[in-house]
Amino acid sequence: MIDIKFLRENPDIVKENIKKKFQDEKLELVDKVIALDEKYRATKLECDTLRGERNKKSKTIGGFMAKGQKDEAEKIKAEVNEINAKLAELEELEVKLEGDIREIMLVIPNIIDDSVPIGKDDSENVEVEKFGEPAVPDFEVPYHVDIMERVNGIDLDSARKTSGNGFYYLCGDIAQLQSCILSYARDFMIDKGFIYYIPPFMIRSNVVTGVMSFDDMENMMYKIEGEDLYLIGTSEHSMIGKFIDTIIPESELPQTLTSYSPCFRKEVGSRGIEERGVYRIHQFEKQEMIVVCKPEDSMEWFHKLYSYTVEFFRTLDIPVRTLECCSGDLADLKVKSIDVEAWSPRQKKYFEVGSCSNLGDAQSRRLQIRVKDENGKKYLPHTLNNTVVAPPRMLIAFLENNVNEDGSIRIPEALRPYMRKDIITVPENKK
RNA sequence: GGAGACGUAUCGAAGUGGUCAUAACGAGCCUGACUCGAAAUCAGGUUGCCCCUCAAAAGGCACGUGGGUUCAAAUCCCACCGUCUCCGCCA
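Residues numbered from 1 in each chain as written. Chains lettered and ligands numbered in written order. Predicted model: local features only at pLDDT ≥ 70, side-chain atom pairs only at ≥ 80, totals over all residues.

(A) Highlighting the overall build of chain A. What chain A contains, in helices and strands, is 14 helices and 18 strands. The C-alpha radius of gyration computed for chain A amounts to 28 Å, which surpasses the reference 22 Å derived for 431 residues by more than 25%, pointing to a less compact arrangement than a globule. With the principal axes as the frame, chain A shows a C-alpha extent of 105 × 45 × 45 Å. Out of the 431 residues belonging to chain A, those deemed buried represent 36%. Considering only residue pairs separated by 6 or more positions, chain A has 72% of its internal contacts joining residues 24 or more positions apart. (Helix = DSSP H or I, 4+ residues; strand = E, 2+ residues; numbered from the N terminus. Rg over C-alpha atoms; globule rule 2.2 N^0.38 Å. Buried ≥ 20, exposed ≤ 12 C-beta atoms within 10 Å, placed from the backbone. Contact = placed C-beta atoms within 7 Å.)

Right, dumping it as structure tokens:
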């Protein structure tokens, strides 16, 4: 959500930005909202003046009544009634205009950073950098579910029975591995100076509508029947929600938080859920990072955040690359976004394991998150979020890159203190 | 699930139809005085948003939210939301 004052003064920049995002159908909205805004401000001024008059007159009535000047009082009462009649219609218009303007402003995309590559859709995203050698071993790497099944690490049949497609039982060493990865991710971020949070896993509808668009809400969020509660799709929802409508003292910036939560997603409309395995599922766990900072610091944080994810994956010996989201693929609220992708030696390509976004002040403006500096001046901070790691998805990369030909799984150095072993071995009957 | 209480600024809290919401009173915070320095004391300042503006002033809105009554609502009426306390149940 951009500032309407900015739009008013720079309609060309806003239009240019819309074109860059290949959303030409929204171009007309710019002039439309400018006209509405002009009308709104004129109406508001008129309303404010009338209300001011009414307040002034109304106050004198009390005085007349006290002095017993009934006739005078009645005369002014009639005048006030006249003003109120005039106001009734105008106020209705004022409210309607305000609503219409907000509706449009929510749809106009945020101004993207100059550095964002121009492109229509995800096919034009740009590889930024590779880390590690994307090696392919000389044996055929099995499908991740098969790797897990061989060490008795997953039970999809039972999950289908209890919960349906899109759920899993992880068991034994693989379940432990997932917990260990999360614990390691937690400690990794704590060591980077982030504060660890375990947030609420359910949030109220007013928070949901604050942090996401209506369409996303329909397609992602599970609602608790009979309660005003939704299961979170990511801990970003509860973590950003906690700042809604607050004023943060500047001395408390930057807020650098890392949160753990299970995530629940309906994945409506994504065919990926049909695919066997744990790539796209209804329930997964994630370690997230959230930063609220001064505007001038946000780009620096942006680069730091995704490089933390890269560093994390590298300590687990997984080759990764960073892929910058092009203009057309960038969500409307975002200024800039980079995906971290892990190498799959089986598919011989990279696949998404995390996403780092700089939202500029758009999220702050929408949610009324403000910062107060030493002089009492208020401004909107920038917000960023990034995935540290989201097992089970990252398990795919982990297993494919660390499986041995005999089906055993190597545990990288960094995880050994957590796993308390350096290899997961195949049980006798599956050798 | 049952019973009760409450929702006003950073916090506690007064106000129960108008002339104290630029919100009493108390605390906190900021500035200044006193002091070698601090504490204590004294004086002043300290809500957010909108509109307008170079800036300020003036004006408008907000007493949980939304309606209603009224010339006028924090105050009266209705609905909803939330919080707390006790009891019950419970990891």
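(B) Inspection of the pairing of strand S9 (residues 255-264) at higher detail. Two elements, strand S4 (residues 195-197) and S9, share three bridges in a ladder whose sense is parallel. By the bridge assignment for S9, tyrosine 197 is matched with serine 259. (Pairing = 2+ DSSP bridges.)

(C) Highlighting the sheet that holds strand S11 (residues 320-324). Pairing within the open sheet is mixed, and its eight strands lie in the order S1-S11-S12-S13-S16-S10-S9-S4. The strands lining the two open edges of the sheet, one partner per strand, are strand S1 (126-131) and S4. If you compare each strand with its neighbour and ignore which way they point, the axes differ by 25° on average. Inspection of the sheet shows S9 paired to strand S10 (residues 283-293) by ten bridges, in the antiparallel sense. (Axes fitted to C-alpha atoms, helices over the stretch in contact; angles between N-to-C directions.)

(D) The domain arrangement of chain A, seen in detail. Taken domain by domain, chain A holds domain 1 (4-105) and domain 2 (122-430). Just the C-alpha atoms count here: the centres of domain 1 and domain 2 sit 44 Å apart. (Domains from an automatic or database assignment.)

(E) A look at helix H4 (residues 70-107). Between its terminal C-alpha atoms H4 stretches 55 Å, which fits the 56 Å expected from 38 residues at 1.5 Å a residue. Where H4 bends most, at leucine 87, the angle is about 30°. (Expected span 1.5 Å × (residues − 1). Bend = angle between axes of the 7 residues up to and from the residue.)

(F) Quick peek at the sheet that holds strand S5 (residues 202-203). The three strands lie next to each other as S5-S7-S6, forming an open sheet whose pairing is antiparallel. What marks the edges here is a single partner per strand, and that holds for S5 and strand S6 (222-223). Both S6 and strand S7 (residues 230-231) contribute to a ladder of two bridges, which runs antiparallel. Paired with tyrosine 222 across the two strands is leucine 231, which belongs to S7.

(G) View of the environment of aspartate 37. Position of aspartate 37 relative to the elements: it lies in helix H3 (residues 27-67). On the basis of neighbour counts, which here come to 20 C-beta atoms within 10 Å, the residue aspartate 37 falls in the buried class. In sequence terms aspartate 37 and lysine 336 are 299 residues apart; their C-alpha atoms lie 28 Å from each other. Excluding residues within four positions of it along the chain, aspartate 37 makes contact with Ile4, Arg8 and Ile101.

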